[in-house]
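Take a look at the letters that make up each chain.
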Amino acid sequence: MSEEKSESKKLKEKLFVKKRSGAAVVSSEEMQKADAFCEEYKKFLDKSKTEREAVKYTIERAESLGFTEYDFTKSYQPGDKVYVNNRGKAVMLAVIGKNGTKNGVRLGIAHIDSPRVDLKPNPLYQSNDLAFFKTHYYGGIKKYQWPTVPLALHGVVALKDGTTADVMIGDGENDPCFVISDLLPHLAVDQMSKTMVKAFTGEHLNVLIGSRPFNSDEESENVKLNIMNLLFEKYGIVEEDFLSADLAMVPAFNAKDVGFDRSMIGAYGHDDKVCAYPAMMAAFDTDVPDSTIITVLTDREEIGSDGNTGMKSTYMIDFIADLAKADGVETRHVMAKSTCLSADVNAAFDPTYADAFEANNSCYLNNGAVITKYTGSGGKYSTSDASAEYMAQVRRVLDENNVLWQTGELGKVDGGGGGTIAKFVANLNADVVDLGVPVLSMHAPFEIVSKLDVYETYRALYVFYND
Ligand code: MN
Ligand code: MN
């Protein structure tokens, strides 16, 4: 038998897409780096369940690394590091490049809001001697996944005197938590015969928050009174203050390794902190880039990017306009030369639900960062669809730097769909493509990612900023 490769094998190697063998081709040193990177990522997750908390974490860490708050009246030199805080709910980190904005900027944009269950403006009520919060869900959730999950209350209450009270209760070892109840199977004959959409509606998502009355007075609503009294003692708030609050119920548990091999992380809010953290770290590790790099950690993506802290707002382009003005160039000329990685997650192929995916165009756990040329739905509606030329540029950079990457569509054609912030950046006349981490159980209270993919996404963003 000859040891030589057959003709067809040689030709295949030359012509076919290389089958990426994922984790199997990664050295143990690389894997150790990925594990170490993810230890810090898990700490970030535990401290950043809401966009406000993620902004706080990012700015604290940025300041410790020499970033200062941007001041448009000052002039900046290559290598200077600045940040812009948009209302405590979105943040931009910039490292000024040797060429400033003249040749365009490099944008890395991820979102730091995640699907959750917000409190209604008038949430507190008592029913049959139990106290509850009424809620209004935020983002695309499968409502049946949220009952019987331990929940924590996070957010702020703003008072008329201009002060705000930070609320975070439920995560600590000794904290109480909260929960949405579900019906026992014994009495669920009617419920179980309904479709999921009808069995669990928005108005079922009532959170149980107490059961003891204030005292034995015959006064009505004594359980509600007791809760309000506890909230007044702890936060100094009265019922009307709920009207000026951003309060959300989020899963009370912290990030945890998944699998005997600890190769994965299960946590709330991977979408999209799993791209926000690598983007932030890539910015922190960038010294003096050629072109100015801007990392945007944005809000409101899960509800369509509307609002002043979302990507439909002008906050990013206004910042770029200030930088361009300082460089003596026009914003429109900067944008036409700018490139962007929209760092967002994609749905990892799930063998249990293989029917929802098309195997040749899906992304897989442990195969690295996933490039998604377009998202949207139906006949490529509501997506920007990156150009062939820009795709070529991105894959060249990743290959030259040996980044593990793959491509994937979001499930089967006509299987549903979804979008990212990419199209809003494309509308500003920049080149943009989605790149991020494959996720299992996306938008569930406990989502799953591979540690290797998180690390490769960090590497992808780093080489993009420094190419
Ligand atoms: Mn996302
Ligand atoms: Mn999402």
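This text follows the structure it describes.
How each quantity is defined
- Residues numbered from 1 in each chain as written.
- Chains lettered and ligands numbered in written order.
- Predicted model: local features only at pLDDT ≥ 70, side-chain atom pairs only at ≥ 80, totals over all residues.
- Heavy atoms only, no water.
- Helix = DSSP H or I, 4+ residues; strand = E, 2+ residues; numbered from the N terminus.
- Rg over C-alpha atoms; globule rule 2.2 N^0.38 Å.
- Buried < 20%, exposed > 50% of the residue type's maximum accessible area, 1.4 Å probe, protein only.
- Contact = heavy atoms within 4.5 Å.
- Areas by Shrake-Rupley, 256 points an atom, 1.4 Å probe, with all protein chains shown as cover.
- Lys, Arg positive; Asp, Glu negative; His and termini not counted.
- Charge placed at Lys NZ, Arg CZ, Asp CG, Glu CD.
- Pairing = 2+ DSSP bridges.
- Donors = N, O, S within 2.8 Å, 3.2 Å for Na, K, Ca; no water.
- Expected span 1.5 Å × (residues − 1).
- Polar contact = N/O pair within 3.5 Å; in protein donor to acceptor, adjacent residues only side chain to side chain.
- Salt bridge = Lys/Arg side-chain N within 4 Å of Asp/Glu carboxyl O.

A few words now on the overall build of the protein. If you tally the helices and strands in the protein, you get twelve helices and 23 strands. Compactness check: the protein gives a C-alpha radius of gyration of 24 Å against a globular reference of 23 Å for 467 residues, within 12% of the reference. With respect to the three principal axes, the spread of C-alpha positions in the protein is 90 × 65 × 45 Å. In the protein, which comprises 467 residues, the proportion classed as buried is 51%. Within the protein, residue pairs in contact and separated by at least 24 positions form 75% of the contacts whose partners lie at least 6 positions apart. For the protein, the exposed area adds up to about 22900 Å²; of that, 51% sits on carbon and sulfur atoms. Put simply, the protein has 50 plus and 68 minus side-chain charges, and the middle of one group is 5 Å from the middle of the other.

The subject of this paragraph is the sheet that holds strand β11 (residues 245–251). With antiparallel pairing, seven strands are arranged side by side in an open sheet as β8-β7-β11-β5-β6-β10-β9. On the outer flanks of this sheet lie β8 (164–169) and β9 (179–180), each paired with one strand and no other. Direction of pairing for strand β5 (residues 116–127) relative to strand β6 (residues 130–138): antiparallel, over a ladder of eight bridges. From the neighbouring strand, V117 faces β6, where its bridge partner is Y137.

Attention now moves to the coordination of the manganese ion (ligand 2). Within the protein, the atoms that donate to the manganese ion (ligand 2) are D271 (OD), E302 (OE), E302 (OE) and H443 (NE2), at distances of 2.0 to 2.6 Å. Along the chain, the residues donating to the manganese ion (ligand 2) are arranged with the sequence spacing D-x30-E-x140-H. Here the manganese ion (ligand 2) and the manganese ion (ligand 1) are spaced 3.4 Å apart, with D271 acting as a shared donor. Taken as a pair, D271 in helix α7 (residues 270–284) and E302 in the loop between β14 (293–298) and α8 (315–327) lie far apart in primary sequence, 31 residues in all.

The subject of this paragraph is helix α12 (residues 451–466). Here α12 spans 23 Å end to end across 16 residues, near enough to the 22 Å set by a 1.5 Å rise per residue. Its side-chain oxygen 3.2 Å from the backbone nitrogen of L452, S450 forms the N-cap of α12.

As a further point, take the pattern of salt bridges. Under the definition given, this model contains 26 salt bridges. Ionic pairing is found between K312 and D306, a salt bridge with its closest N-O pair at 3.1 Å. Taking relative accessible area as the criterion, K312 reaches 44% and is therefore assigned partly exposed. Among the residues examined, D306 registers a relative accessible area of 41% and is labelled partly exposed. Linking K373 and D385 is a salt bridge whose minimum nitrogen-to-oxygen distance equals 2.8 Å. Placement of the pair is K373 in the loop between β17 (369–372) and β18 (376–377) and D385 in the loop between β18 and α10 (388–400), with a sequence separation of twelve residues. D385 gets classed as partly exposed once you look at its relative accessible area, which sits at 24%. Through salt bridges with shared partners, a single network forms among E39, K42, D257, R262 and K451.

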